[in-house]
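Listed below, chain by chain, are the residues.
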Amino acid sequence: MGIVTFVDETTAGERRTAWGLEIAEERLTVRELIRRRVFQEVAEYNARTPEVFQGLVQPEDTERVLNGYAVRTPRRIDPETQTALAERAFAGNGFLVLVGDRQVTDPDEEIELTLGTEVTFLKLVPLVGG
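Residue positions are given per chain, counted from 1 along the sequence in the order it is written. Where local features are concerned, this predicted model is filtered to residues with pLDDT of at least 70; where side-chain atom pairs are given and counted, the filter is 80 or more; whole-chain, interface and lining totals use all residues. Hydrogens and waters are ignored; side-chain quantities use all the structure's heavy atoms.

### Notes on the packing of helix α1 (residues 30-48) against helix α2 (residues 79-91)
So, point 1. Axis definition: a line fitted to C-alpha atoms, limited for helices to the stretch in contact. Angles are taken between N-to-C directions and run from 0 to 180 degrees. Only DSSP runs of H or I covering at least 4 residues are called helices, and only runs of E covering at least 2 are called strands; the numbering of each starts at the N terminus. Relative orientation of the contacting elements α1 and α2 amounts to 135°, with a least axis distance of 9 Å. In terms of orientation, α1 and α2 fall into the oblique class. Crossing hand, α1 versus α2: right-handed. Here α1 contributes V30, R31, I34, R35, V38, F39 and V42 to the contact with α2, which in turn contributes P79, E80, Q82, T83, A86, E87 and F90.
So, point 2. Here the contact of α1 with α2 is composed, by residue class, of eight nonpolar, two polar and four charged. Small angles under 35 degrees read as roughly parallel and large ones over 145 as roughly antiparallel, with 65 to 115 read as roughly perpendicular and the rest as oblique. Note on convention: near helix rotated counterclockwise from far helix by under a right angle means a left-handed crossing. Clockwise means right-handed. Note on contacts: a residue pair qualifies if any of its non-hydrogen atoms lie within 4.5 Å across the two residues. Residue polarity follows a fixed list, in which Ala, Val, Leu, Ile, Met, Phe, Trp, Tyr, Cys and Pro are nonpolar, Asp, Glu, Lys and Arg are charged, and the others, Gly among them, are polar.

And the structure:
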């Protein structure tokens, strides 16, 4: 069992604090890695239900704010729905996944999770005016 470190960055240069997730397997597909990340962040949100959800992708019926997504009416977020949103965002280039220094583009590609693996989720920010 090892810790995989997740880092969120944007093309605008923002970088959030890294966080770790214990993963027992030595190899996982990118799809499964995204699923586990989303399930973890949804579980943490649902345990506390704060006003702002800080996650990989924007949940439905929320508003983008400085540090995440404001949930209009307090509610639990469904991890399956959130995972489907994340998979669509990945397929539509809403974010890139970098394992170490290598970009992975196929959600079914298996990646090796060695000691100290860092996975960067690079969120693409649209350019202003075009």
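Next, the rest of the story.
### Some remarks on α2
So, point 1. A helix is expected to reach a length of 1.5 Å times the quantity of its residues less one. Taking 1.5 Å as the rise per residue, α2 with 13 residues should run 18 Å; its terminal C-alpha atoms sit 18 Å apart, in good agreement.
So, point 2. Buried residues belonging to α2 abut α1, β4 (52-53), β7 (95-99) and β8 (102-104).
So, point 3. With its phi angle positive at about 60°, N93 sits one or two positions after the end of α2.

### A closer look at the pairing of β7
So, point 1. Note on classification: 1.4 Å probe, protein chains only; a residue is buried when its accessible area is under 20% of the maximum for its type, exposed when over 50%, partly exposed between these limits. Burial within β7 is extensive, with four of its five residues counted as buried.
So, point 2. Two strands form a pair only when DSSP identifies at least two bridges running between them. Relative to strand β10 (residues 118-123), β7 runs antiparallel, the two being bridged by five bridges. Its bridge partner being in β10, L96 is matched across the sheet by L122.
So, point 3. Note: β7 against β8, three bridges, orientation antiparallel. Directly across from V97, in β8, lies its bridge partner V104.
So, point 4. Once β7 ends, the chain turns through two residues before running back antiparallel as β8, passing G100 with a positive phi of about 65°.

### Here we look at the sheet that holds strand β5 (residues 62-65)
So, point 1. Spatially, the three strands line up as an open sheet ordered β4-β6-β5, and their pairing is antiparallel. One side of each edge strand has no neighbouring strand; the edge strands of this open sheet are β4 and β5.

### Observations regarding the nonpolar core
So, point 1. Here, nonpolar core means buried Ala, Val, Leu, Ile, Met, Phe, Trp, Tyr and Cys residues that are tied together by side-chain atoms lying within 4.5 Å of each other. I34, L56, F95, V97, V119 and F121 are the most contacted members of the largest nonpolar core, which has 29 residues in total.
So, point 2. Residue assignment for this core shows that the elements contributing at least two residues are β1 (2-10), β2 (19-23), α1, β6 (68-71), α2, β7 and β10.
So, point 3. A per-element tally of this core places α1 first, with six residues.
So, point 4. In this view, V119 contacts V4, T5, F6, V7, L33, V97, L98 and V99; residues no more than four positions away in its chain are not counted.

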